[in-house]
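Each chain is listed here by its residues.
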Amino acid sequence: LTLNIMKNLLSTIRDCSLCADKLPLGPRPIIEAAKHSKIVLISQAPGRKVHESGVAWKDQSGKKLREWLGVTEETFYNTDNFAILPMGFCYPGKAKTGDLPPMKICAPTWHDQVWNELKHVKLKLLIGAYAQNYYLPDDKRNLTEKVKNYNDYLPEYFVIPHPSPVNRFWRMKNPWFENTVVTKLQEHVNSIL
């Protein structure tokens, strides 16, 4: 029965059209989860490529994220391993640099319902500032400070920057992230899977 609850919930979310009038390409909610998902990837919102393919993280950001996690595509797309729970489920449109912010209605409308069905989560990965600000509302540190102090959020959360190519300058300015934090992230993910 609980399997059906999750299935029905995902189906309801995928049919959501709450912001249909505000989305440049129309609604196409992207979410992946299973009752047994161990790691939940909480990120921004799907980009244009993902909107077109309908497959979460099937772009350059996803390639970089899988590299950071130290997992294959097969492991990554197995929902018993990873659930994909963006802050906004649909492509929000283009901004000057990167995409517009995720629609603010998605997380408050749907996240709690999804969490109620996820019973085996060992780690929540907060990818980028939107997810971190929503899930850590009282933490006033900026993204760089949060990522530097990732240990403060364990065992529940692991905080990382968004793997978007737009953030390559951040990664160049903060080489410690890929030299140190990514190794810790891989060890952590590996021990859970």
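For the structure itself, consult the block above.
Residues numbered from 1 in each chain as written. Predicted model: local features only at pLDDT ≥ 70, side-chain atom pairs only at ≥ 80, totals over all residues. Heavy atoms only, no water.

> Sorry if this is basic, but what is going on with helix H3 (residues 60-69) here?
Along an α-helix, a turn takes 3.6 residues, which lines up residues three or four apart on a common side. Counted residue by residue, H3 has seven buried out of 10 residues, so it is predominantly covered. Buried within H3 we find Ser61, Gly62, Lys64, Leu65, Arg66, Trp68 and Leu69. Where H3 begins, the side chain of Asp59 points an oxygen toward the backbone nitrogen of Ser61, at a separation of 3.3 Å. Positive backbone phi, at 70°, marks Gly70, one or two positions downstream of H3. (Buried < 20%, exposed > 50% of the residue type's maximum accessible area, 1.4 Å probe, protein only. Helix = DSSP H or I, 4+ residues; strand = E, 2+ residues; numbered from the N terminus. Polar contact = N/O pair within 3.5 Å; in protein donor to acceptor, adjacent residues only side chain to side chain.)

> Would you explain helix H9 (residues 175-192) in this entry?
Relative to the 26 Å expected for 18 residues at 1.5 Å per residue, H9 spans 26 Å between its end C-alpha atoms, a close match to the ideal helical length. Helix geometry: H9 is bent most strongly at Val181, by close to 35°. Along H9, the positions that sit buried rather than exposed are Phe177, Val181, Val182, Leu185, Val189 and Ile192. (Expected span 1.5 Å × (residues − 1). Bend = angle between axes of the 7 residues up to and from the residue.)

> Sorry if this is basic, but what is going on with the side chain of Asp59 here?
Within the secondary structure layout, Asp59 lies in the loop between helix H2 (48-53) and H3. Despite being buried, Asp59 has no salt bridge partner; Arg66 is the closest side chain of opposite charge, sitting 6.3 Å away. Here Ser61 takes part through its backbone nitrogen, which lies 3.3 Å from a polar atom of the side chain of Asp59. With near-sequence residues (within four places) excluded, Asp59 lies in contact with Lys49, Val50 and Arg66. (Lys, Arg positive; Asp, Glu negative; His and termini not counted. Salt bridge = Lys/Arg side-chain N within 4 Å of Asp/Glu carboxyl O. Contact = heavy atoms within 4.5 Å.)

> When you look at the pairing of strand S4 (residues 157-160) in this model, what are you seeing that I'm missing?
Walk down a regular strand and you will see the side chains alternate between the two sheet faces. Every second residue of S4 is oriented toward a common face, with Tyr157 and Val159 on one face and Phe158 and Ile160 on the other, all of them buried. Strand direction decides the pairing type here: strand S3 (residues 123-127) and S4, joined by four bridges, are parallel. Bridging across to S4, Lys124 finds its partner in Tyr157. (Pairing = 2+ DSSP bridges.)

> Can you walk me through the pairing of S3 in this structure?
Burial analysis of S3 places five of its five residues in the buried class, the great majority of the element. Of the two faces of S3, both are covered, the one formed by Leu123, Leu125 and Ile127 as well as the one formed by Lys124 and Leu126.

> Quick question: what am I supposed to make of the nonpolar core here?
Within soluble globular proteins, side chains that are nonpolar tend to cluster in buried spots. Counting 58 residues, the largest nonpolar core has Leu41, Leu69, Phe76 and Ile160 as the members making the most contacts within it. Looking at which element gives the most residues to this core, the answer is H9, with six residues. Filtering out sequence-adjacent residues up to four positions away, Leu41 remains in contact with Trp57, Leu65, Leu69, Phe76, Phe82, Ala83, Ile84, Leu85, Pro86, Leu125 and Ile127. (Core = buried A, V, L, I, M, F, W, Y, C linked by side-chain atoms within 4.5 Å.)

> Could you clarify how one ought to interpret the pattern of salt bridges in this entry?
Should the charged atoms of two oppositely charged side chains come close, the side chains can pair. This structure, assessed with the given rule, holds 12 salt bridges. When the shortest N-O distance is used, the salt bridge between Arg48 and Glu52 registers 3.1 Å. Here Arg48 pairs with Glu52, and both are found in helix H2, just four residues apart, close to one helical turn. Taken together, the shared-partner salt bridges in this structure form one network comprising Lys64, Glu67, Arg171 and Glu178.

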